[in-house]
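Fold and contact review
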Amino acid sequence: SLQNGIKVHSHEAPTSMVEAARRLYKKGLITQVDGGYLTDLGFEAMEHALKLLGILSTQPTMDIH
């Protein structure tokens, strides 16, 4: 839901999660360095990722020879 944000507590979260949040922020995908909400760009990236995941996880419908 777009109504739910995330919060990454640097003193509790694994370093890899803190760094991941920082990278998402630097790319403009989330609103705050420690989480926040998806930006418009972040929402668009999420939609594309979900579509790609759907494509990759379905069985092929064509028989290519």
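Quick notes on the rules
Residues numbered from 1 in each chain as written. Predicted model: local features only at pLDDT ≥ 70, side-chain atom pairs only at ≥ 80, totals over all residues. Heavy atoms only, no water. Helix = DSSP H or I, 4+ residues; strand = E, 2+ residues; numbered from the N terminus. Rg over C-alpha atoms; globule rule 2.2 N^0.38 Å. Buried < 20%, exposed > 50% of the residue type's maximum accessible area, 1.4 Å probe, protein only. Contact = heavy atoms within 4.5 Å. Areas by Shrake-Rupley, 256 points an atom, 1.4 Å probe, with all protein chains shown as cover. Pairing = 2+ DSSP bridges. Polar contact = N/O pair within 3.5 Å; in protein donor to acceptor, adjacent residues only side chain to side chain.

**Examining the overall build of the chain**
Helix and strand content of the chain: two helices and three strands. Moving toward the C terminus, one meets the helices and strands of the chain in the order β-α-β-β-α. A compact globule built from 65 residues would reach a C-alpha radius of gyration of about 11 Å, whereas the chain, at 16 Å, exceeds it by more than 25%. Taking the principal axes of the C-alpha coordinates as reference, the chain spans close to 55 × 25 × 20 Å. Residue burial in the chain is summarised as follows: out of 65 residues, 15% are buried. Of the contacts made within the chain by residues no fewer than 6 positions apart, 28% connect residues no fewer than 24 positions apart. Accessible surface computed for the chain: about 5600 Å², of which carbon and sulfur atoms make up 59%.

**Points about the sheet that holds strand β2 (residues 30-32)**
Taken in spatial order, the three strands of this open sheet run β1-β3-β2, and their pairing is antiparallel. Across the chains shown, the open sheet's two edge strands, defined by having one partner strand only, are β1 (6-7) and β2. Pairing analysis gives two bridges linking β1 to strand β3 (residues 35-38), with the strands arranged antiparallel. Across the sheet, lysine 7 pairs through a bridge with glycine 35, a residue of β3.

**Focus on the side chain of threonine 39**
Mapped onto the elements, threonine 39 comes out in the loop between β3 and α2 (40-57). From its side chain, threonine 39 meets the backbone oxygen of glycine 28 in a polar contact 2.5 Å long. Apart from residues no more than four positions distant in its own chain, threonine 39 is found in contact with Gly28, Leu29, Ile30 and Thr31.

**Topic: the pairing of β3**
Pairing between β2 and β3: two bridges, direction antiparallel. Bridge pairing links isoleucine 30 to leucine 38 in β3. Between the end of β2 and the start of β3, which pair antiparallel, lie two residues.

**Describing the environment of lysine 26**
Structurally, the position occupied by lysine 26 is in helix α1 (residues 15-26). Taking relative accessible area as the criterion, lysine 26 reaches 67% and is therefore assigned exposed. Separated by 22 residues in the primary sequence, lysine 26 and asparagine 4 place their C-alpha atoms 20 Å from one another.

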